[in-house]
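So the chains spell out like this:
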Amino acid sequence: AQTVTQSQPEMSVQEAETVTLSCTYDTSESDYYLFWYKQPPSRQMILVIRQEAYKQQNATENRFSVNFQKAAKSFSLKISDSQLGDAAMYFCAYSRNAGGTSYGKLTFGQGTILTVHP
Amino acid sequence: DTEVTQTPKHLVMGMTNKKSLKCEQHMGHRAMYWYKQKAKKPPELMFVYSYEKLSINESVPSRFSPECPNSSLLNLHLHALQPEDSALYLCASSQVDRGSGYTFGSGTRLTVV
């Protein structure tokens, strides 16, 4: 079974600074997807960034980037120039690429609460 | 339209009531999901529908009954719930290629009294 581990229950960062959230996962699959989701107090789970396991290049979305280390099964999220609106709970998630009509589950880590200080 | 819409946003129900949660998407996604989320915990998968057929039931009690009337709609019928069922219920949808990510609704906050 796949597992996702976020070892930092809480993190804090000063506005405009950079913060890195950690995520490790365990799988025997070679083809899968990894995601970071943000859940602010408004409750909606928002996709921040995604990574395809067969792509070696790290994904980047504006101020958000990942460090994907497939051999180490590590998938960290770096937030640059942190903003007050980045404050939220962040979930790392894994999805097996089963292909076809076999829609599988999205496995989440336990989450990291990010606080941004002005 | 790139949204998943859930109604109602808040629901309070007694243990003998029957109520339904509704989820709607118009993105052409052919997989839809129900998740249950407790405070400060990750979402837990309840049900998966693919092509309007139930493909995964994560051993959810029968007091929760899902329904997928068409490719855009997903319902969750509730009956005889317990106080421990109080939680945020999230609906999500995805394309055939799940690598594009799952789109979540903003959830229904359910309180069972």
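Residues numbered from 1 in each chain as written. Chains lettered and ligands numbered in written order. Predicted model: local features only at pLDDT ≥ 70, side-chain atom pairs only at ≥ 80, totals over all residues. Heavy atoms only, no water.

**Considering the overall build of chain A**
Counting its secondary structure elements, chain A contains zero helices and 12 strands. Each helix and strand of chain A, placed in order from N terminus to C terminus, yields the pattern β-β-β-β-β-β-β-β-β-β-β-β. Relative to the 2.2 N^0.38 estimate, which gives 13 Å for 118 residues, the radius of gyration of chain A is 14 Å and therefore close to what a compact globule would have. Along the three orthogonal principal directions, the C-alpha set of chain A runs to about 45 × 30 × 25 Å. The buried share of chain A, taken over its 118 residues, is 47%. For chain A, the proportion of contacts with a sequence separation of at least 24, taken over those separated by at least 6, is 57%. Counting only carbon and sulfur atoms, one obtains 45% of the accessible surface of chain A, whose full area is about 5,700 Å². In chain A, which carries 10 positive and 10 negative side-chain charges, the distance between the mean positions of the two groups comes to 7 Å. (Helix = DSSP H or I, 4+ residues; strand = E, 2+ residues; numbered from the N terminus. Rg over C-alpha atoms; globule rule 2.2 N^0.38 Å. Buried < 20%, exposed > 50% of the residue type's maximum accessible area, 1.4 Å probe, protein only. Contact = heavy atoms within 4.5 Å. Areas by Shrake-Rupley, 256 points an atom, 1.4 Å probe, with all protein chains shown as cover. Lys, Arg positive; Asp, Glu negative; His and termini not counted. Charge placed at Lys NZ, Arg CZ, Asp CG, Glu CD.)

**Points about the pattern of salt bridges**
All names here are of chain A. Scanning the entire structure with this criterion turns up six salt bridges over all chains. One salt bridge in this structure joins Glu-52 and Lys-55, with 3.5 Å as the shortest N-O distance. Residue Asp-86 pairs with Arg-63 through a salt bridge whose shortest N-O separation is 2.8 Å. Residue Asp-86 is found in the loop between strand E9 (74-79) and strand E10 (88-96), and its partner Arg-63 is found in the loop between strand E7 (60-61) and strand E8 (64-69); the two are separated by 23 residues along the sequence. (Salt bridge = Lys/Arg side-chain N within 4 Å of Asp/Glu carboxyl O.)

**Digging into the packing of aromatic side chains**
This structure, assessed with the given rule, holds 17 aromatic pairs over all chains. Consider the rings of Tyr33(A) and Phe35(A), whose centres lie 6.5 Å apart with planes at 40°: the pair is tilted. In terms of burial, Tyr33(A) and Phe35(A) fall into one category: buried. Centroid distance Phe64(B) to Tyr89(B): 5.9 Å. Interplanar angle 35°. Geometry classified as tilted. With a gap of 25 residues between them, Phe64(B) in strand E7 (residues 64-70) and Tyr89(B) in strand E9 (residues 87-94) connect regions that are remote in the sequence. Note on accessibility: Phe64(B) and Tyr89(B) belong to one class, buried. Taken together through their ring pairs, the aromatic side chains of Tyr33(A), Phe35(A), Tyr37(A), Phe91(A), Phe108(A), Tyr33(B), Tyr35(B), Tyr102(B) and Phe104(B) make up a single cluster. (Phe/Tyr/Trp six-rings, centres within 6.5 Å; stacked < 30°, edge-to-face > 60°.)

**Let's talk about the state of the cysteines**
All names here are of chain A. In this structure the tally under the stated criterion is two disulfides over all chains. With a sulfur-sulfur separation of 2.0 Å, Cys-23 is cross-linked through a disulfide to Cys-92. The chirality of the disulfide connecting Cys-23 with Cys-92 is left-handed, given an S-S dihedral of about -70°. Pair noted here: Cys-23 is in the loop between strand E3 (19-21) and strand E4 (24-26) and Cys-92 is in strand E10, with a separation of 69 residues, a long-range link. Note on Cys-23: relative accessible area 2%, which makes it buried. (Disulfide = S-S within 2.5 Å.)

**Let's talk about the interface of chain B and chain A**
Residue-level contacts link 35 residues of chain B with 28 residues of chain A. Summing the contributions of chain B and of chain A, the shared interface buries around 2,300 Å²; its carbon and sulfur component is 55%. The interface formed by chain B and chain A contains zero salt bridges. Counting the contacts that link chain B with chain A gives eight residue pairs in polar contact (both at pLDDT 80 or more). Residue assignment for the side of chain B that touches chain A shows that the elements contributing at least two residues are strand E4 (31-37), strand E5 (44-50), strand E6 (53-57), E9, strand E10 (102-104) and strand E11 (108-112) of chain B. Here the side of chain B that touches chain A gets four residues from one element, more than from any other, and that element is E4(B). By residue class, the composition of the side of chain B that touches chain A is 14 nonpolar, 13 polar and eight charged. (Buried area = accessible area lost by both parts, 1.4 Å probe. Polar contact = N/O pair within 3.5 Å; in protein donor to acceptor, adjacent residues only side chain to side chain. Nonpolar A, V, L, I, M, F, W, Y, C, P; charged D, E, K, R; others polar.)

**A short note on the environment of Phe91(A)**
Tracing the sequence through the fold places Phe91(A) in strand E10. Taking C-alpha positions, Phe91(A) is 13 Å from Met11(A), a pair spaced 80 residues apart along the chain.

**Concerning unusual backbone geometry**
The general pattern is negative phi for most residues beyond glycine and trans for most peptide bonds. Note the cis peptide between Thr7(B) and Pro8(B), where omega equals -10°. Within the element layout of this structure, Pro8(B) appears in the loop between strand E1 (4-7) and strand E2 (10-13). Even without glycine at this site, Asp81(A) takes up a positive phi of about 50°. With respect to the helices and strands, Asp81(A) occurs in the loop between E9 and E10. Non-glycine residue Ser59(B) carries a positive phi angle of around 55°. Relative to the helices and strands, Ser59(B) resides in the loop between E6 and E7. For Ser59(B), a relative accessible area of 71% gives the class exposed.

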